[in-house]
Amino acid sequence: MKLAAFAILAIGITCIDAFSISRPKVDFGKAAKASAVAIAIATTVGVSSALAGGESAGQQIFSTNCAACHADGQNVIMPEKTLEKDALEQYLAGGRNEAAVITLVKNGKNAMPAFGGRLGDDDIQNVATFIIKASENGWDNIE
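Notes on the structure follow.

Reading guide: rules and limits
- Residues numbered from 1 in each chain as written.
- Predicted model: local features only at pLDDT ≥ 70, side-chain atom pairs only at ≥ 80, totals over all residues.
- Heavy atoms only, no water.
- Helix = DSSP H or I, 4+ residues; strand = E, 2+ residues; numbered from the N terminus.
- Contact = heavy atoms within 4.5 Å.
- Polar contact = N/O pair within 3.5 Å; in protein donor to acceptor, adjacent residues only side chain to side chain.
- Expected span 1.5 Å × (residues − 1).
- Buried < 20%, exposed > 50% of the residue type's maximum accessible area, 1.4 Å probe, protein only.
- Core = buried A, V, L, I, M, F, W, Y, C linked by side-chain atoms within 4.5 Å.
- 1 Å grid on protein atoms, 1.4 Å probe; cavity = no way out; pocket = protein on both sides within 12 Å on 5 of 7 lines; lining within 4 Å.
- Points joined across faces, edges and corners; volume = space filled by probe spheres on them.
- Phe/Tyr/Trp six-rings, centres within 6.5 Å; stacked < 30°, edge-to-face > 60°.

## Here's the deal with the environment of Asn-75
- Inspection of the secondary structure puts Asn-75 in the loop between helix H4 (67-70) and helix H5 (85-91).
- Setting aside residues no more than four positions away along its own chain, Asn-75 makes contact with Cys-69, His-70, Lys-81 and Thr-82.
- For Asn-75, the side chain forms a polar contact with the main-chain nitrogen of Ile-77, separated by 2.9 Å.

## With respect to helix H7 (residues 121-137)
- Between its terminal C-alpha atoms H7 stretches 24 Å, which fits the 24 Å expected from 17 residues at 1.5 Å a residue.
- When we look at burial in H7, the residues that qualify are Ile-124, Asn-126, Val-127, Ala-128, Thr-129, Phe-130, Ile-131, Ile-132, Ala-134 and Ser-135.
- Residue Gly-138 follows H7 closely and has a positive phi angle near 95°.

## Concerning the side chain of Ser-135
- Take Ser-135: it is sitting in helix H7.
- A polar contact is formed between the side chain of Ser-135 and the side chain of Arg-96, at a distance of 2.9 Å.
- The residues touching Ser-135, leaving out its near neighbours within four places in the chain, are Leu-83, Glu-84, Lys-85, Leu-88 and Arg-96.

## Quick notes on the nonpolar core
- Ranked by size, the top nonpolar core spans 20 residues in total, and within it Phe-62, Val-101, Val-127, Ile-131 and Trp-139 carry the most contacts.
- For this core, the secondary-structure elements that each account for two or more residues are helix H3 (54-65), helix H6 (98-107) and H7.
- For this core, the element with the most residues is H7, which contributes seven residues.
- Non-local contacts of Trp-139, meaning those with residues more than four positions away in its chain, are made with Phe-62, Asp-72, Gly-73, Leu-83, Glu-84, Phe-130, Ile-131 and Ala-134.

## Observations regarding the layout of surface pockets
- Counted as a void, the largest pocket has a volume near 680 Å³.
- For the largest pocket, the lining is made up of 29 residues, of which His-70, Asn-75, Leu-104, Lys-109 and Met-112 are closest to its centre.
- Elements that contribute at least two residues to the lining of the largest pocket include exactly H3, H4, H5 and H6.
- It is H6 that provides the largest number of residues to the lining of the largest pocket, a total of five residues.

## Some details on the packing of aromatic side chains
- Counted by the stated rule, this structure contains three aromatic pairs.
- Each ring, one from Phe-62 and one from Trp-139, has its centre 5.3 Å from the other, and the planes form 40°; the classification is tilted. Linking Phe-62 in helix H3 with Trp-139 in the segment after H7, this pair joins segments that are 77 residues apart in sequence.
- Of the residues examined, Phe-62 reaches a relative accessible area of 4% and is grouped as buried.

Shown next as structure tokens:
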């Protein structure tokens, strides 16, 4: 595989030379600085979400990791098992509480994957807080 990638790269460089197209010069110093800035921004965004507090950080984590299947508190895979107050009380093992949400998020169940290996304990706690508050206040009332 590496040999094939090298061959494609070599052919590309040869084609550029054959057609007298100048190859762009890369300033590795600028590239390194840009990479450092990108890493700093990415790290700061991650830290700021963790420091933002339970509900705000939980909403951000939910949007990033959960909303594909649970947008607006719904469930695209199993429509009856929403994140609405009544459905959580009926279907969530242990009832509608943060501990039960944490267990489900960490371990997954049926079609829902486990997020225990992907999200930290604080992130899971924050998303559980967000889900319980959103189910209490109504998913339509989220800002």
